[in-house]
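Examination of the molecular architecture
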Amino acid sequence: MGNNNIATGSVRRRSWTVALLGGCAAAAIMCGAPAFAQQGAEEDRANEGERVVVTGSRLRGVEEAVGSPVFDIGREDIEESTVTTVDKLIQQTPQVLDLGVSEASRAQNGGAGNIVYGTGINLRGLGPYATLTLIDGHRAISNGRSIDPSFMPSLGLERIEVLADGASAVYGSDAIAGVVNLIPRRYVDGGQVFARYGIGDEYDERQLGASWGTIWDSGQAHFAYEYNFRSNLNGEDRDFFRADQRGRGGPDYRPTLCNPGNIVVGGVSYAIPAGGVTAANRASLLPNTSNRCETLETQDLLPEQEYNSYAATLNQEILPWLEFVADAFHTERTFARIVAPGTASLNVPSANAFFVAPPGLTPATETVQYNFGADFPGNSTSGFARNTQVTVSLVADLPGDWQGEVLATYGENRDNSESYLGVNNGALNAALGSANPATAFDPFGLNRTNPAVIAGIANQIFLAPTNNELTGYEARFDGPVFTMPGGAVRLAVGFERQEQTTHLGSARGNPGTPIVFRNFDRTVDSAYAEVFFPFFSSTNAVPGLRRLELNLAGRYDNYSDVGETTNPKIGINWAPIDDLTFRGSYGTSLRAPIFAELYGNSSALFAQNYSDPTAGNATVTGVALSGGNTALEPEEATTYAIGFDWEPSQIPGLQFGLGYFDIEYEGQIAAYLSDLTILRNESQFAGTGIILRGAAANQRYLDLRAAGIPIGAGTPPNPVTIFVDGRPQNLGVSVMKGFDFNAAYAMEFMGGDLNLGVDGTYLNTFDSQITPNGTVLDKKDKIFNPLDFKMRARADWTRDAVRLYGAVNHVGEYTNDLVTPFQNVDAWTSIDAGIAITPGEATAPLLEGGFTVSFDVRNLLDEEPPYVNLAPNVNGSGGFDATASNPIGRVMSVSLRKKW
């Protein structure tokens, strides 16, 4: 499956793809003289000189990516959106799913590494790293894992283009599911300021922004600044995030890790009474009793986020045939997340100063199921993500309507996540074993532990800075090579070099533990070619062939660490009549492992609570291993797409599109460190060593401890009976097939302009093997997997100074197959609505040039997320599905916008 070959060391290349590259380059040389002789007139640049970027192509003079669907979010859409940041704007596209890198849920693929709570764009739900994010067609600095598109202020964007098709033949790694291209604003003459405030139940958001642009005879400059703030949303403020789900028709998932907790001896549980237990009242310890409690409801469902973002563009003509172009951005996002108090199953020896055993028992040790909430708060996290990038280029108009460009990019990323109240297991074990009340830890419900001892236990730090640099160079040339009856055959060729450096830092342990950095680098040398053949166009159209275009692209990438690859792509557009265009494409794509997957941020063992179906879905403590995996190989995919676009001349204003996509995806890299429901798929991991039980689990744990792997969090049970290898692995094999559809209609209505539209996606196949030798599973429409139906319908009506707008967002019903019997999860529909008033040149100087006041409501009917039978966990979801619905509820906003 797939046509790309990539592996460590020397790899044979596809001769026909290399021939395509060489042949296209040769055509440029051989056909250059006739092309130069033609001296074809260069097309006017849009917007008084702006160079139009076509996502999915390197060619000028081509109006669209041949054969591939592109969804456009224009400037007007950006200004009229009811959301505040670019990531939320893109997520409204039905093809984007909130799986993996998300501030709301870290349990899916890629989520474990998202320790700074960013949001990545996940087209098709194929994984957060299978979508490439670009700025004006060139790569952007990442945090070594993914790119949060909200580094760009919305005022700095002209439009966003989403190419929902494989594009590695054009752009290289990561473009498996598609590309998101952020097009910055240029050629703007004037300024703009705006302010927005939104409020919901125990939630608020604020946004301020300003931009200014100017145009002169030989160039332009534009600058934008934006401030965004979103408050945290705590689980305590949403009653659907609860372990006790009996009131909603579900089970009681409350764990027994409480305060007061439970004493367990010989497998028998004894509930510690309210107020605690001492030798004097140990008769109150009754066998086969348990305290149960909510342990996670106080954690944040959404962290607090604050953004300061800047963007700038500059164009300057140096000579009549030479132009200097630059774009730059800088952003700093800070976050803070409240987490629930820690819990543990403590091994308490009889030497403990506060030791109490159930009546008639004299055990040497006993287990106390415990919650540290009364002793110290949860180990909340905070940090920042800071990104800066500058790209400069020289664009030269060459003879024969050719154009050349040399480009250089430099970007820096600085991420940091820190926490200071982790459990010091060494100090805890020492205190549990102390016979001195002044130095012992009391787990028996009376909270008699000396504050100095508490301070020594709750003092473990975890600092995880990540520093990244990206240096990129590119030289590219494009122009006509010869003329066919349908027009000029155009060729683009180019060379790219990327130099990536990552510094993974970690400090885990006692206060004062120094940060240790591990440094990694990668270079990627690439060559590409693309050629466009217009067989039929308006100049030679005949019945049945009003337009026929063929596009061939190929790219060769050589990685310094994981080998080399070639990837081709073929696209075709055919218009049998003027109103109807059919399109199709075929190509291969790849994704090279990122540094975090290869090397990991740290290797550690984490004691975690798993839902165990072999124990009646009870919560069982196991141990998971984090870290990197240098044996990883790149992911590979083969993509097909066909579709049509129809604009009937008989019905002015109507547009309709339908597309079919087929993706075969091999060797997907997955990590299960954050998946606390993994035991429900245990049979799929047979023979991989990823899940071990019993003596094998304990031996693996002991071997890793003997090798010096530290305890990262929690208190491992003794013995360890469940072990999970949470490191990244080449495991997944997926086949995805489905349809995209869109329709729009513009008309006059009641004296104004009415625009209607709908966009959606329907998935009819998603077969997945968790491991290469595992059972082929139908994962379509299953929880935490791509859903079969997602749609957004919109309408707006404008008359004079008033604009009314609204949208309906719909996610279809799906199956929760993590419980037995399976649960049908209801569909979720939310409505957004608003009104904008633009008085125009009215009665006050303030209004001259454009002043707009808007009132909008997101989730107008305050629809709660559908109930999902799932126990809450530290990584999101529980009582609801954070990947398919939004826990915020209704948000009402007012905004003011002034242009001049």
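Residues numbered from 1 in each chain as written. Predicted model: local features only at pLDDT ≥ 70, side-chain atom pairs only at ≥ 80, totals over all residues. Heavy atoms only, no water.

**Overview of helix α10 (residues 694-706)**
- The terminal C-alpha atoms of α10 lie 19 Å apart, and with 13 residues this matches the ideal 18 Å at 1.5 Å per residue to within 8%.
- Among all positions of α10, only A697, N698, Y701 and L704 are buried. Each buried residue of α10 lies within a common arc of 125° when the element is viewed along its axis, so the set occupies one face. The exposed residues of α10 that point more than 90 degrees off its buried face are A695 and A706.
- Where α10 is buried, its residues meet β26 (605-612), β27 (618-625), β30 (691-693), β31 (711-713) and β32 (722-725). (Helix = DSSP H or I, 4+ residues; strand = E, 2+ residues; numbered from the N terminus. Expected span 1.5 Å × (residues − 1). Buried < 20%, exposed > 50% of the residue type's maximum accessible area, 1.4 Å probe, protein only. Arc of directions from axis to C-beta. Contact = heavy atoms within 4.5 Å.)

**Comments concerning the packing of aromatic side chains**
- Using the criterion set out here, one finds 22 aromatic pairs in the structure.
- One aromatic cluster in this structure is built from Y370, F372, F376 and F441.
- Across from the ring centre of F462, 4.0 Å away, lies the NZ or CZ of R508, which sits over that ring.
- One cation-aromatic arrangement involves R522 over F595; the distance from NZ or CZ to the ring centre is 5.2 Å. (Phe/Tyr/Trp six-rings, centres within 6.5 Å; stacked < 30°, edge-to-face > 60°. Lys NZ or Arg CZ within 6 Å of the ring centre and 35° of its normal.)

**Description of the side chain of K782**
- Tracing the backbone shows K782 in the loop between β35 (777-778) and β36 (789-799).
- Buried and without a salt bridge, K782 has D778 as its closest oppositely charged side chain, separated by 4.3 Å.
- A distance of 3.1 Å separates the side chain of K782 from the backbone oxygen of D778, its partner in a polar contact.
- Aside from chain neighbours lying at most four places away, what touches K782 is L787, Y814, T815 and D817. (Lys, Arg positive; Asp, Glu negative; His and termini not counted. Salt bridge = Lys/Arg side-chain N within 4 Å of Asp/Glu carboxyl O. Polar contact = N/O pair within 3.5 Å; in protein donor to acceptor, adjacent residues only side chain to side chain.)

**Digging into the sheet that holds β26**
- Here we have five strands laid out as an open sheet, ordered β30-β32-β27-β26-β31, and mixed in their pairing. This sheet does not close on itself; its edge strands, each paired only once, are β30 and β31. Looking at each pair of strands side by side, their axes are set apart by 40° on average, direction ignored.
- As judged from the eight bridges shared by β26 and β27, these two strands associate in the antiparallel manner. In the strand pairing of β27, D612 is matched with A618. (Pairing = 2+ DSSP bridges. Axes fitted to C-alpha atoms, helices over the stretch in contact; angles between N-to-C directions.)

**Considering the state of the cysteines**
- All told, the structure shown has one disulfide when counted by the stated rule.
- A sulfur-sulfur distance of 2.2 Å marks the disulfide that ties C258 to C293. On the sign convention where negative is left-handed, the bridge of C258 and C293, at about -105° about the S-S bond, is left-handed. Placement of C258 in the loop between β9 (233-234) and β10 (262-265) and of C293 in the loop between β11 (268-271) and β12 (300-302) is noted, with a sequence separation of 35 residues between them. For the pair shown, C258 and C293 are each scored as buried. (Disulfide = S-S within 2.5 Å.)

**Some points on the pairing of strand β28 (residues 635-646)**
- Of the strand pairs in this sheet, strand β25 (residues 580-591) and β28 are connected by 12 bridges, and their pairing is antiparallel. Following the sheet pairing, S585 is matched in β28 by A641.
- Bridge count between β28 and strand β29 (residues 654-670): 11 bridges; the pairing is antiparallel. Considered in β29, the bridge of A637 is made with Y665.

**So, the pairing of strand β8 (residues 219-230)**
- In terms of burial, β8 is a largely internal element, 10 of the 12 residues being buried.
- The pairing of strand β7 (residues 203-216) with β8 spans 12 bridges and is classified as antiparallel. The residue of β8 that forms the bridge with A210 is Y225.
- Here β7 folds back onto β8, and the loop between the two strands holds two residues.
- Where β8 meets strand β13 (residues 304-319), 12 bridges bridge the pair, whose relative direction is antiparallel. Among the inter-strand pairings, E226 is bridged to a residue of β13, identified as S309.

**Examining the environment of I572**
- Mapped onto the fold, I572 is located in strand β24 (residues 563-577).
- Counting along the chain gives 10 residues from I572 to F582, while the straight-line C-alpha distance between them is 8.2 Å.
- For I572, the contacting residues outside a window of four places in its chain are V66, G67, L548, E549, F582, R583 and G584.

**Focus: the nonpolar core**
- The biggest cluster of nonpolar side chains holds 36 residues, and the ones touching the most others in it are I90, L126, F151, I160 and L182.
- Going through the elements one at a time, β1 (70-73), α5 (86-91), β4 (157-163), β5 (178-184), β29 and β34 (752-769) are the ones with two or more residues in this core.
- Other than its neighbours up to four places away in sequence, L126 contacts A177, I663, Y665, Q668, M736 and F766.
- One finds A344, L346, V356 and F444 within the second-largest nonpolar core, a separate group that totals 27 residues. (Core = buried A, V, L, I, M, F, W, Y, C linked by side-chain atoms within 4.5 Å.)

**Brief notes about the sheet that holds strand β15 (residues 343-349)**
- An order of β11-β10-β16-β15 is seen for the four strands of this open sheet, with the pairing classed as antiparallel. Edge positions in the open sheet fall to β11 and β15, since each of these has one partner strand only. The average undirected angle you get between the axes of adjacent strands in this sheet is 25°.
- In this sheet, strand β16 (residues 365-371) lies alongside β15 in antiparallel orientation, the contact comprising seven bridges. Each bridged residue has a counterpart across the sheet, and for V348 the counterpart in β16 is E366.

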